[in-house]
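# A look at the structure
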Amino acid sequence: METEQIVSTLITLIGGLGIGSLLTTYLKDRFDKRQFRYREKLTVYAGYVEALQNSVVSSSQENRQKVVYWHQRLKLVAPQKIVTISAKFFDNEATEKFSVTRDEIVREMRADLDKSL
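Reading the values: the criteria
- Residues numbered from 1 in each chain as written.
- Predicted model: local features only at pLDDT ≥ 70, side-chain atom pairs only at ≥ 80, totals over all residues.
- Heavy atoms only, no water.
- Helix = DSSP H or I, 4+ residues; strand = E, 2+ residues; numbered from the N terminus.
- Buried < 20%, exposed > 50% of the residue type's maximum accessible area, 1.4 Å probe, protein only.
- Arc of directions from axis to C-beta.
- Salt bridge = Lys/Arg side-chain N within 4 Å of Asp/Glu carboxyl O.
- Core = buried A, V, L, I, M, F, W, Y, C linked by side-chain atoms within 4.5 Å.
- Contact = heavy atoms within 4.5 Å.

### Observations concerning the environment of Tyr69
Relative to the helices and strands, Tyr69 resides in helix 2 (residues 61–77). Classification of Tyr69 by relative accessible area gives partly exposed; the value is 45%. The sequence separation of Tyr69 and Ala51 amounts to 18 residues, and the corresponding C-alpha distance is 9.1 Å.

### Quick look at helix 3 (residues 80–87)
Looking at helix 3, one finds that the buried residues are Ile82, Val83, Ile85 and Ser86. Within helix 3, the buried residues cover an arc of 165° as seen down the axis, which keeps them to one side. Of the residues in helix 3, the exposed ones pointing more than 90 degrees away from the buried face are Gln80 and Lys81.

### Here's the deal with the pattern of salt bridges
By the definition in use, this model includes seven salt bridges. A salt bridge links Arg102 to Asp103; the nearest nitrogen and oxygen atoms lie 3.6 Å apart. By relative accessible area, Arg102 is classed as partly exposed at 22%. The partly exposed category is assigned to Asp103, whose relative accessible area is 39%.

### Overview of the nonpolar core
By size, the foremost hydrophobic cluster in this structure holds 17 residues, and its most contacted members are Tyr45, Tyr48, Leu74, Ile82, Ile105 and Met109. Elements that contribute at least two residues to this core include exactly helix 1 (2–57), helix 2, helix 3 and helix 5 (98–116). Counting residues per element, this core draws most heavily on helix 1, at five residues. Look past the residues within four positions of Leu74 in its chain and what remains in contact with it is Val44, Tyr45, Tyr48, Ile82, Val83, Ser86 and Met109.

Listed below in structure tokens is the structure:
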């Protein structure tokens with residue numbers, strides 16, 4: 001009987017360690033993916049806002065191209081609400097209300113980043 005208990009205990013420990021290891025690996029992978037998504041969103045959001053600001057200060061062709069570039073990247077990582085707001089900047093009316101629209105998109109980006117972590 002004593003040998004059976006020892007074997008049973010060893011099997012339980014080995015099984016527990018295996019499941020614990022799998023769970024730890026799963027949770028670490030999940031956390032790493034969330035961190036990656038957060039960093040990617042932060043990079044894209046900051047790049048978009050900077051390009052947008054530069055295009056308002058100087059509406060050169062190069063600055064407009066940067067806005068278009070960052071807008072395309074934004075479409076890949078941002079929720080639809082942010083993409084919709086960002087599309088307003090291609091409208092002349094939104095350009096006149098730049099600061100209001102910019103503040104709105106920054107607020108939404110901040111909320112999205114908070115949810116991402």
